[in-house]
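Report on the structure
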Amino acid sequence: MSLRLYKEPDLGEVEMVASWPGMGNVGVIAVDTLRGQVHAEELGEIEPYDLFFPRKAVIKAGILEELEFPVNKFYYRKLGDKGLILFLAEEQPAAAGRMYAEGAKGYQMANMVLDVAARFGCRRVYTSGAAIASSHHLQRPRVWAATSALGLNKEVRRYENTVLMSEIEGLEEQGNITGLNGLLLGLAKKRGLESICLMGEIPDYLSRAPFPYPRAAKSVLEVLSRLLGIEVDYDPLDRMAERIDEVVETLYDSLPPEVLERIEQRRTSLEGKGSGITDDDASWIREHVDDLFKKGHGSDERSS
């Protein structure tokens, strides 16, 4: 296992944003959109051979040509007197049947990402992902934030549509972030780097849906772009969201009437037009919707 850098650009004051697949691919969509908007160039990669199993063997004319592994690449862009490094991974190193990084391989990968941050003098590292919420798909997803310091909490609270994870009802000022999002946050703090994790809300009844959720990715990117001081064109995300909205509406209309009734009751409550539903009701909704996705499409990064 090794880290390969193709070049060593002078980037000035640097910040890093890291992402990998997760629920709704929220982080990957947000960061890949940012990569395209700033026209970031390839900087290097983490070789996958000791971290991942091959995805497939490529055969041509009956001869094995290569083994195909997940790609984990760094990108960079100099923006004025500041530099931006992006890390985009196609997978998290996880045990069989799981989606999120854990154990020694996850720890190794996170440290290799931070080795690059340290090499270029990054002052701050961002991660991004999804949060399962008792919300509704017609609402604008909020962004949950977790940081490594109280001063950073004050900073992220200044941004519209952002709420600290500790302020989410039901978490009782505590919570956990699974996979590389949480691991990188903790290791960055240990290594003296500022770190912020931004998580876009996905309604709990869509948490196992086998499609991306660009509405949450847009919310994350709106906050991230302001933190970085970068202007972003959101039209591509809006077009993606319109296509996914059609899929969501079809799924929603297929839910049993008793499930729809409780979800709509929640919606009116969130809009201040009615009484709320209990935690037992919320669990009941999740259990019944999960029946539609029994075949297995990942678990949560942060659930409430």
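This write-up is about the structure you can find in this document. (Residues numbered from 1 in each chain as written. Predicted model: local features only at pLDDT ≥ 70, side-chain atom pairs only at ≥ 80, totals over all residues. Heavy atoms only, no water.)

Okay, the nonpolar core next. In this structure, Leu34 and Leu198 are the most contacted members of the largest nonpolar core, which totals 51 residues. No other element matches the 8 residues that helix H5 (residues 214-228) contributes to this core. Beyond its immediate chain neighbours, meaning those up to four positions away, Leu198 contacts Thr127, Ser128, Gly129, Val143, Trp144, Ala145, Val220, Val223, Leu224 and Leu227. (Core = buried A, V, L, I, M, F, W, Y, C linked by side-chain atoms within 4.5 Å. Buried < 20%, exposed > 50% of the residue type's maximum accessible area, 1.4 Å probe, protein only. Helix = DSSP H or I, 4+ residues; strand = E, 2+ residues; numbered from the N terminus. Contact = heavy atoms within 4.5 Å.)

Nonpolar side chains collect at one region of the surface, where Ile59, Leu64 and Leu67 lie side by side and expose about 280 Å² of accessible area between them. Note that Leu67 resides in strand S5 (residues 63-68). With a relative accessible area of 43%, Leu67 lands in the partly exposed category. (Patch = residues over 30% accessible without salt bridge, like charges linked within 9 Å, V, L, I, M, F, W, Y side chains within 5 Å. Areas by Shrake-Rupley, 256 points an atom, 1.4 Å probe, with all protein chains shown as cover. Salt bridge = Lys/Arg side-chain N within 4 Å of Asp/Glu carboxyl O.)

The next point concerns empty space enclosed by the protein. The final tally for this structure, using the stated rule, is 1 cavity of 30 Å³ or more. Here the largest cavity defines a volume of roughly 40 Å³. (1 Å grid on protein atoms, 1.4 Å probe; cavity = no way out; pocket = protein on both sides within 12 Å on 5 of 7 lines; lining within 4 Å. Points joined across faces, edges and corners; volume = space filled by probe spheres on them.)

The next subject is the pattern of salt bridges. Oppositely charged side chains can pair when the atoms bearing their charge come close. Per the stated rule, a full pass over the model turns up 18 salt bridges. A salt bridge links Arg124 to Glu155; the nearest nitrogen and oxygen atoms lie 2.9 Å apart. Within this pair, whereas Arg124 is found in strand S8 (residues 122-133), its partner Glu155 is found in helix H3 (residues 150-157), the two being separated by 31 residues in sequence. Like Glu155, Arg124 is buried. Linking Arg142 and Glu201 is a salt bridge whose minimum nitrogen-to-oxygen distance equals 2.9 Å. Of this pair, Arg142 sits in the loop between S8 and strand S9 (143-147) while Glu201 sits in strand S11 (residues 194-203), placing them 59 residues apart in sequence. Among the ionic contacts, a cluster of salt bridges with common partners joins Glu13, Glu15, Arg123, Arg124, Glu155 and Glu194.

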